[in-house]
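Overview (structure and organization)
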Amino acid sequence: MAIVDLSTANTYPHVKRITLGLIDVVQAITIPADCTRFSLQFIANGGKYSHAGTDGVAIGAEYATIAADSVKVYDRGLRAGNQTIYVAGSAAAVVLEIELERVK
């Protein structure tokens, strides 16, 4: 898999839909430095989120579970810098919606 690089997003809110591949296989996503908050929503099937991982391999033991069709919001603060997050679907071909925001 290739890392989904959103680090050049500079208009907010910025929304991206990503179809994840295999069950519990990590998709890495790069969040831009000036993004202060992002939200994740897995459509129809749940998913997992972690701060650690490797793109294209099984998700590790340290993750948060996000239920299907529920929105989870993460605040990053004003000086978070570029960040890579790691997500995985609980089924094959799960659609993930990620929304990036800049809140002052």
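Structure: see above.
Presented here is an overview of the structure given in this document.

1. Digging into the sheet that holds strand E5 (residues 47–50)
Taken together, five strands build an open sheet; the order of strands is E1-E3-E8-E5-E6 and the sheet is mixed. Since the sheet does not close on itself, it has two edges, and those belong to strand E1 (4–5) and strand E6 (64–66), each with one partner. Where E5 meets E6, three bridges bridge the pair, whose relative direction is antiparallel. In the strand pairing of E6, Tyr49 is matched with Ala64.

2. Observations concerning the side chain of Lys48
The topology assignment puts Lys48 in strand E5. Taking relative accessible area as the criterion, Lys48 reaches 14% and is therefore assigned buried. Within polar-contact distance, the side chain of Lys48 engages the side chain of Asp24 at 2.9 Å. Excluding anything up to four places from it in sequence, Lys48 contacts Asp24, Phe42, Ile59, Tyr63, Ala64, Tyr86, Val87 and Ala88.

3. Observations concerning the nonpolar core
In this structure, Ile29, Phe38, Leu40 and Ile98 are the most contacted members of the largest nonpolar core, which totals 21 residues. Elements with a minimum of two residues in this core: strand E3 (27–31), strand E4 (37–43), strand E8 (83–89) and strand E9 (95–101). Beyond its immediate sequence surroundings of up to four residues, Ile29 is in contact with Val4, Leu6, Ile18, Gln83, Thr84, Ile85, Val87, Leu96 and Ile98. Formed by five residues, the second largest nonpolar core is a distinct cluster that contains Val26, Ala28, Tyr86 and Ala88.

4. Things to note about unusual backbone geometry
The omega torsion across Tyr12 and Pro13 is 0 degrees, close enough to zero to call that bond cis. In this structure, Asp24 is a non-glycine residue whose phi angle is positive, near 60 degrees. Tracing the sequence through the fold places Asp24 in the loop between strand E2 (14–19) and E3. Given a relative accessible area of 25%, Asp24 falls into the partly exposed group. Notably, Asp69 is not glycine yet its phi reads approximately 60 degrees, a positive angle.

5. Some thoughts on the packing of aromatic side chains
Scanning the entire structure with this criterion turns up three aromatic pairs. Judged by centre distance (4.4 Å) and plane angle (35 degrees), the ring pair of Tyr49 and Tyr74 falls under tilted. With a gap of 25 residues between them, Tyr49 in strand E5 and Tyr74 in strand E7 (residues 71–75) connect regions that are remote in the sequence. Grouping residues by exposure puts Tyr49 and Tyr74 together as buried. An aromatic cluster is present here, built from Phe38, Tyr49 and Tyr74 joined pairwise through their rings. Here the basic side chain of Lys72 rests over the ring of Tyr74, its NZ or CZ set 5.6 Å away from the ring centre.

Procedures and definitions
- Residues numbered from 1 in each chain as written.
- Predicted model: local features only at pLDDT ≥ 70, side-chain atom pairs only at ≥ 80, totals over all residues.
- Heavy atoms only, no water.
- Pairing = 2+ DSSP bridges.
- Helix = DSSP H or I, 4+ residues; strand = E, 2+ residues; numbered from the N terminus.
- Buried < 20%, exposed > 50% of the residue type's maximum accessible area, 1.4 Å probe, protein only.
- Polar contact = N/O pair within 3.5 Å; in protein donor to acceptor, adjacent residues only side chain to side chain.
- Contact = heavy atoms within 4.5 Å.
- Core = buried A, V, L, I, M, F, W, Y, C linked by side-chain atoms within 4.5 Å.
- Phe/Tyr/Trp six-rings, centres within 6.5 Å; stacked < 30°, edge-to-face > 60°.
- Lys NZ or Arg CZ within 6 Å of the ring centre and 35° of its normal.

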